Amino acid sequence: MIERLVNINYKEQLEKKLVEHFDFDIEIVLRDYDPTKNMNVTIIILSNNITNYVTG
């Protein structure tokens, strides 16, 4: 339960910072943790192609 709450909070904070700093229009932030490998993965799906953000 605690891990799930931490995960939700992390995704919310990450999305907030990405919008504040880069003005990204984010569709979804996905995150998963594999305890056997002790690894996290985060996937961020943007509403627009990334080139729209980096080239103006």
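Position numbers for residues start from 1 in each chain and track the written sequence from start to end. Per-residue local features of the predicted model are confined to residues with pLDDT of at least 70, and side-chain atom pairs are confined, for both listing and counting, to 80 or more; whole-chain, interface and lining totals are unaffected and use all residues. Side-chain descriptors were evaluated using all non-hydrogen atoms of the structure, hydrogens and water having been removed beforehand.

Novice: Could you clarify how one ought to interpret the overall build of the protein in this entry?
Specialist: Think of it this way: any DSSP run of H or I at least four residues long counts as a helix, any run of E at least two long counts as a strand, and we number them from the N terminus. Broken down by element type, the protein carries two helices and two strands. In sequence order, the secondary structure elements of the protein are arranged as α-β-β-α. In terms of overall dimensions, the protein is more spread out than a globule: its C-alpha atoms have a radius of gyration of 13 Å, far above the 10 Å expected for 56 residues. By principal-axis analysis of the C-alpha atoms, the protein measures approximately 40 × 20 × 15 Å. Across the 56 residues that make up the protein, the buried fraction comes to 11%. Sequence-distant contacts in the protein: of pairs separated by 6 or more residues, those separated by 24 or more amount to 22%. A total accessible area of about 4,800 Å² is found for the protein, and carbon and sulfur atoms account for 54% of it. Positive charges come from Lys and Arg, negative ones from Asp and Glu, while His and the chain ends are left out of the count. Lys charges are placed at NZ, Arg charges at CZ, Asp charges at CG and Glu charges at CD. Across the protein, the 6 positively charged side chains and the 9 negatively charged ones have centroids separated by 7 Å. To get the radius of gyration, use the C-alpha atoms; to get the globule rule, take the number of residues to the power 0.38 and multiply by 2.2 Å. In this scheme, a residue with accessible area under 20% of its type's maximum is buried, one over 50% is exposed, and one in between is partly exposed, where area comes from a 1.4 Å probe on protein chains only. Contact between two residues is taken to exist if any of their heavy atoms lie within 4.5 Å; hydrogens are not considered. Here the Shrake-Rupley method, with its probe set to 1.4 Å, supplies the accessible areas, and only the displayed protein chains count as covering residues.

Novice: Before we go on, may I ask you to explain the nonpolar core in this structure?
Specialist: Within soluble globular proteins, side chains that are nonpolar tend to cluster in buried spots. Among the nonpolar cores identified, the biggest contains five residues, and these are Leu-18, Phe-24, Ile-26, Val-29 and Leu-46. Filtering out sequence-adjacent residues up to four positions away, Leu-46 remains in contact with Phe-24, Asp-25, Ile-26, Glu-27 and Tyr-53. By nonpolar core we mean a set of buried residues, namely Ala, Val, Leu, Ile, Met, Phe, Trp, Tyr and Cys, connected to one another through side-chain atoms within 4.5 Å.

Novice: Teacher, can you tell me more about the environment of Leu-18 here?
Specialist: Mapped onto the elements, Leu-18 comes out in helix α1 (residues 2-22). When the C-alpha atoms of Leu-18 and Val-6 are compared, they prove to be 18 Å apart, with twelve residues separating the residues in sequence. Discounting residues that sit within four places of it in the chain, Leu-18 has contacts with Asp-23, Phe-24, Ile-26 and Ile-44.

Novice: Looking at this model, I keep getting lost on the packing of aromatic side chains. Mind explaining?
Specialist: Any two aromatic rings considered together are summarised by their centre-to-centre distance and by the angle between their planes. Any Phe, Tyr or Trp ring, taking Trp's six-membered ring, that has another such ring centre within 6.5 Å forms a pair; planes under 30 degrees apart are called stacked, those over 60 apart edge-to-face, and the others tilted. Taken as a whole and judged by the stated rule, the model has two aromatic pairs. Ring centres of Phe-22 and Phe-24 lie 5.4 Å apart, and the angle between their planes is 20°; this geometry places the pair in the stacked category. Classification of Phe-24 as buried rests on a relative accessible area of 16%. Relative to Tyr-53, the ring of Phe-24 lies with its centre 4.8 Å away and its plane at 70°, an arrangement referred to as edge-to-face.

Novice: I would appreciate a short explanation of the confidence of the model for the protein in the present structure.
Specialist: Keep in mind that low pLDDT regions are not for reading the predicted coordinates in detail. Per-residue confidence from the predictor is reported as pLDDT, a score between 0 and 100. For the protein, the average pLDDT comes to 90, and 98% of its residues sit at 70 or higher. When pLDDT is averaged over each element of the protein, strand β2 (residues 39-46) comes out on top at 94 and helix α2 (residues 50-54) at the bottom at 84.

Novice: Any chance you could explain unusual backbone geometry here in plain terms?
Specialist: Negative phi values dominate among residues other than glycine, just as trans dominates among peptide bonds. Phi is positive for Asp-23, close to 60°, though the residue is something other than glycine. On the secondary structure map, Asp-23 appears in the loop between α1 and β1 (26-34). One non-glycine residue with positive phi stands out, namely Asn-38, at about 55°. Residue class for Asn-38 comes out exposed when judged on its relative accessible area of 58%.

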